[in-house]
Amino acid sequence: MINNRVGVGNGENMLCVPVRDLVVYPNMVVHFDVGRSASVKAVKDAMRNGELVFLVAQKDSSVEEPELRDVFRVGTLASVKQIIKTPGGVYRCLVEGKQKARLTALKKSSGVYLADIKALPNYSRERLDDREADAAVRELKNVFTGYSQLVPRMPKELYNEILGADTPVKIFEAAAFNLMLSFSDKQQLLEIPTAGEKVVYLITALTREVEVMSLEQQIHEQVHKNLDRGQREYYIREQIRVLQKELGESDGFGGDDLTTLEDKIDALSGTGAEEAKEKLTAELNRLKQLPAGSQEGAVIRTYIDTVLSLPWNERTEDNTDIALAAKMLDEDHYGMKRVKDRIVENLSVLKLTGGTKGQIICLYGPPGVGKTSVGKSIARALGRKYVRVSLGGIHDESDIRGHRKTYVGAMPGRIINALIKAGTVNPVMLLDEIDKMGNSFHGDPASAMLEVLDSEQNVAFRDHYIELPTDLSQVMFITTANSLDTIAPPLLDRMEVIELSSYTREEKFEIAKRHLIPKQLKENGLKASQLRIADDAVYALIDSYTREAGVRKLERSIASLCRKAARKLTEGTAKRVTVKGSNITEFLGHKKYLDDDVSKKDEVGLVNGLAWTSVGGVIMPLEVLVLDGKGKIELTGSLGDVMKESARIAVSLARKLSDKYGISPDFYEKKDLHIHAPEGAVPKDGPSAGVTMTTALISALSGIPVRGDVAMTGEITLRGKVLPIGGLREKTMAAYKAGMKTVIVPKDNQGDLDEIDDTVKLGLEFVFAETIEDVLETALAQAPKKPRADIPYELVKKPVRRAKKASV
């Protein structure tokens, strides 16, 4: 047993620190980090008591609680010079090696490792004679010289120290203490007994290191020869390639992968497949000649995979059961008769001919009427795959035609990508928001769409990336648009436009009952027995809480009712919730939209006109007031230029008809006319208010009241002819909703009655007017009376008995 103070010899229960990836030699000063509590306690005790600590390396640095089998048998006794605590809680120790020793036992006691050791001489008696020792020293210096040439930034002091050493001990300590050697070599050097043998082993280790470093330098130089400025990012891949070459492994594309590609190319069939085979075979042969990590090889491989993923001959069988297809369309959407008829017609032709060219249909209408969703329904009815392409905001031609594959990151256009996603040559492809494409200096995508949507040209559509003709003639294209004004005329000419007008009140009611309410009940986890929305509540939602062309806001309102009902049910305040028109304000608050201000009384100078808006038809009352003046015409109510022109035509017609309706022929000189359309903040324009203005003027000037249960619409000419108008379906629904009994419409609109709901046709009397006299005959509450010549104009509008009294 030895004294545990500073000294050397054999000892028991010596403080021990198992170190990781570190070998300490006698006479070596080194610092290292200590983190384990047992090691921290050992170095602190050694520092405090001036004791030596035995440092022995672990065989596996990942072992947290090493035992005797986990450490090497030879270590070094060292004195602790300094301990510094770092911010991370780790202690940094500075130690000096004193004596080499052999470990005989290792245990852990009182939170520290204790070791039994046997002292060993730092350097045993030399086994080499003087000449062998000198030779070993000289050889080590020669090897070190070559080593120093491969190591960048070799310290000059170290270089001079090693080359200036003249004994095996000096040159070993200078080299082993400072050179970067592997952990196993350092432990082996510690265990070798004599200085001469240590030098010999060091020569072997340095020689091996020099060879590895020389090979690395050769690889590095060879890689750089194969690189140019555009390939710097592939530096690591080139290093791997050279290493594979040194190991005798393959460094190019090949093997089973290319064989699989060849089989896929040979299996191609369908329209344009032969040209594709030639192109892909040539690209595959180029790929075989390229190294695995080359940029061009990656581009070619991606190109081949993309072309092979196209559905060259994959197709789905169309559903030719017309009755079943019509049933599916009716299940998914209410109304949309023109769209459904068009699809059923297409199926009928398909059944007779066995095949048709791809169809191009444009669904045009306001937002929320189901243009996008009907595309999926059409695909389901036809039994085809469905794929959607969003065109809104596209301003680059490459989005349609793709990028040429010479560009970095090139890819096919959206049409080809959609075809790959569908996986068949005859899908239903929905081109959404085609009216919202833009253009820029990158090109005009609308021009690129001309080839896509031309059934005579798209049989050989060429994408810039694919560079092969792709058959799009079997694709059924369905485009959607909110406005036709922004679509280029040549593009619009290639499409069959089907207009989807705004939903009427009755259609919204049916859609809510059949689709929206069941959908929201399911999404909110409710059953029909838990929440009941009465019919009058649905009408209240349509009339008082939404004002839209489609049904999106209506669906959100129904969802709000479902959420509020779910809360009542989960809180236990109700077992069943019923929403009626009388209590709907308890759920959704006050009404957001009020009914149209319609007068049901027969009044002078007040006529119920009909107007079309993007959210449906409305009643537009028109008022005329006659005042003393000098023939000035005042127009208010945010009227547009066309309505102002209609007002001037109405004044001219009133002058023409003045004699028939008892109007003073010089009224335009002695009277001011004020024409007003209520809700002045709402802009109004269009020619269809012509008959309304004329009727209001005749009534105001003649004193004859207008029937309060009559609404009218129509454009007027200077000759009094009534011209046809648009939006009759929506306008008549507004009249029906407002409680009108008679609607006056242009005679030329008689054919549009087919589009009007049966409910509206049964509830209204339609008068078809050809001239303004037809309108006035129906609208005026009484027949005109021609005034006597001796009665002043001011008395014409008064009752006859008062006129007689005034004349007495």
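Draft legend 1. Representation of the overall build of the protein in the model. Across its full length, the protein carries 28 helices and 24 strands. Here the protein has a C-alpha radius of gyration of 48 Å; the compact-globule value for 808 residues is 28 Å, and the former is much larger. With the C-alpha coordinates aligned to their principal axes, the bounding extent of the protein is approximately 160 × 70 × 60 Å. Buried positions account for 47% of the 808 residues belonging to the protein. Of all intrachain contacts in the protein linking residues separated by at least 6 positions in sequence, the fraction that spans at least 24 positions is 73%. Carbon and sulfur atoms make up 49% of the accessible area of the protein, which totals about 40,700 Å². Of the side chains in the protein, 114 bear a positive and 115 a negative charge, and the two mean positions are spaced by 7 Å.

Draft legend 2. Representation of the side chain of T742 within the structure. You can see T742 is positioned in strand 23 (residues 742–746). Sequence-distant contacts of T742, defined by excluding residues within four places in its chain, comprise R707, D709, V710, A711, E765, V767 and T778.

Draft legend 3. Molecular detail of the sheet that holds strand 19 (residues 671–676). In space, the 7 strands of this open sheet follow the order 18-19-17-16-20-23-24, with mixed pairing throughout. Two strands close off the open sheet at either side, each with one partner strand: strand 18 (633–636) and strand 24 (765–769). Across the sheet, the mean angle from the axis of one strand to that of its neighbour is 25°, orientation sign disregarded. Note: strand 16 (residues 606–613) against strand 17 (residues 616–628), 8 bridges, orientation antiparallel.

Draft legend 4. Fine view of the packing of aromatic side chains. In this structure the tally under the stated criterion is 10 aromatic pairs. Here the aromatic rings of Y25 and F172 are separated by 5.7 Å at their centres, their planes lie at 80°, and the arrangement is edge-to-face. Of the two residues, Y25 is situated in the loop between strand 1 (11–19) and strand 2 (29–34) and F172 in helix 4 (residues 168–178); the sequence distance between them amounts to 147 residues. Among the aromatic residues, those joined into a ring-pair cluster are Y25, Y123, F172 and F177. Positioned above the aromatic ring of Y668 is the side chain of R655, whose terminal nitrogen or guanidinium carbon lies 3.5 Å from the ring centre.

Draft legend 5. A look at the sheet that holds strand 8 (residues 386–390). The strand order across the open sheet built from 5 strands is 8-9-12-7-13, with neighbouring strands paired in parallel fashion. Here the strands that pair on one side only, and so sit at the sheet edges, are strand 8 and strand 13 (496–499). Averaged over neighbouring strand pairs, the angle between their axes works out to 25° when direction is ignored.

Draft legend 6. Examining the pattern of salt bridges more closely. In the structure shown here, the tally under the stated rule is 43 salt bridges. Of the charged contacts, one joins R69 and E67 as a salt bridge, the two residues approaching to 2.6 Å between their closest N and O atoms. Residues K519 and E555 are paired through a salt bridge, measuring 3.0 Å at the closest nitrogen-oxygen approach. Of this pair, K519 sits in helix 18 (residues 505–523) while E555 sits in helix 20 (residues 552–571); the two residues are 36 residues apart in sequence, bridging distant segments of the chain. On the basis of relative accessibility, which here comes to 40%, the residue K519 falls in the partly exposed class. In this structure E555 comes out as buried when scored by relative accessible area, which is 18%. Overlapping salt bridges, with partners in common, bring together K279, E283, R286 and E467 in one network.

Draft legend 7. The pairing of strand 5 (residues 91–109), seen in detail. Pairing between strand 2 and strand 5: 6 bridges, direction antiparallel. Across the sheet, V29 pairs through a bridge with E96, a residue of strand 5. Direction of pairing for strand 4 (residues 74–85) relative to strand 5: antiparallel, over a ladder of 11 bridges. Its bridge partner being in strand 5, T76 is matched across the sheet by K100. With antiparallel pairing between neighbouring strands as the criterion, strand 4 and strand 5 make up a hairpin whose turn holds 5 residues, including G89 at a positive phi of roughly 90°. By the bridge criterion, 8 bridges tie strand 5 to strand 6 (residues 112–119) in an arrangement that is antiparallel.

Draft legend 8. How the structure looks around helix 20. Look at helix 20: 29 Å from first C-alpha to last across 20 residues, which is about the 28 Å you get at 1.5 Å a residue. Among all positions of helix 20, only L554, E555, S557, I558, A559, S560, L561, C562, A565, A566 and L569 are buried. Where helix 20 ends, the next residue or the one after it, G572, has phi of about 80°, a positive value.

Draft legend 9. View of the nonpolar core. Ranked by size, the top nonpolar core spans 53 residues in total, and within it I378, L531 and I558 carry the most contacts. Grouped together as the second largest cluster of nonpolar side chains are 51 residues, V43, V95, L206 and M213 included.

Draft legend 10. Spotlight on unusual backbone geometry. Although it is not a glycine, N13 adopts a positive phi angle of roughly 55°. Relative to the helices and strands, N13 is located in strand 1. By relative accessible area, N13 is classed as partly exposed at 36%.

Draft legend 11. Examining a negative patch on the surface more closely. A cluster of acidic residues, E126, D129, D130, E132 and D134, forms a negative patch at the surface. Relative to the elements of secondary structure, D134 occurs in helix 2 (residues 130–150). According to the relative accessible area criterion, D134 is partly exposed, its value standing at 41%.

Draft legend 12. Layout of the packing of helix 24 (residues 690–702) against helix 27 (residues 772–779). Two numbers describe how helix 24 lies on helix 27: the axes approach to 10 Å, and their chain directions differ by 60°. The pairing of helix 24 with helix 27 is recorded here as oblique in orientation. Seen along the crossing, helix 24 lies across helix 27 with a hand that is right-handed. On the side of helix 24, the interface is formed by V691, T694, T695 and I698, while helix 27 contributes I772, V775, L776 and A779. Residue composition of the contact of helix 24 with helix 27, grouped by class: 6 nonpolar, 2 polar and no charged.

Draft legend 13. Representation of the confidence of the model for the protein. Residues at a pLDDT of 70 or more form 91% of the protein, whose mean pLDDT is 83. The low-confidence segment residues 1–7 (pLDDT under 50) makes 16 contacts with residues lying over four places distant or belonging to another chain. A low-confidence stretch, residues 788–808 (pLDDT under 50), is modelled with 16 contacts involving residues beyond four sequence positions or located in other chains.

Draft legend 14. Summary view of the packing of helix 12 (residues 337–353) against helix 13 (residues 371–382). Running from N to C, helix 12 and helix 13 point in directions that differ by 30°, and their axes come no closer than 11 Å. With respect to each other, helix 12 and helix 13 are oriented roughly parallel. For the element pair helix 12 and helix 13, the recorded crossing hand is right-handed. Along its contact with helix 12, which presents V339, I343, N346 and L347, the element helix 13 presents V374, I378 and L382. Broken down by class, the residue content of the contact of helix 12 with helix 13 amounts to 6 nonpolar, 1 polar and no charged.

Analysis parameters
- Residues numbered from 1 in each chain as written.
- Predicted model: local features only at pLDDT ≥ 70, side-chain atom pairs only at ≥ 80, totals over all residues.
- Heavy atoms only, no water.
- Helix = DSSP H or I, 4+ residues; strand = E, 2+ residues; numbered from the N terminus.
- Rg over C-alpha atoms; globule rule 2.2 N^0.38 Å.
- Buried < 20%, exposed > 50% of the residue type's maximum accessible area, 1.4 Å probe, protein only.
- Contact = heavy atoms within 4.5 Å.
- Areas by Shrake-Rupley, 256 points an atom, 1.4 Å probe, with all protein chains shown as cover.
- Lys, Arg positive; Asp, Glu negative; His and termini not counted.
- Charge placed at Lys NZ, Arg CZ, Asp CG, Glu CD.
- Pairing = 2+ DSSP bridges.
- Axes fitted to C-alpha atoms, helices over the stretch in contact; angles between N-to-C directions.
- Phe/Tyr/Trp six-rings, centres within 6.5 Å; stacked < 30°, edge-to-face > 60°.
- Lys NZ or Arg CZ within 6 Å of the ring centre and 35° of its normal.
- Salt bridge = Lys/Arg side-chain N within 4 Å of Asp/Glu carboxyl O.
- Expected span 1.5 Å × (residues − 1).
- Core = buried A, V, L, I, M, F, W, Y, C linked by side-chain atoms within 4.5 Å.
- Patch = residues over 30% accessible without salt bridge, like charges linked within 9 Å, V, L, I, M, F, W, Y side chains within 5 Å.
- Parallel < 35°, antiparallel > 145°, perpendicular 65-115°, else oblique.
- Left-handed = near helix turned anticlockwise from the far one by under 90°.
- Nonpolar A, V, L, I, M, F, W, Y, C, P; charged D, E, K, R; others polar.
- pLDDT = per-residue confidence, 0-100.

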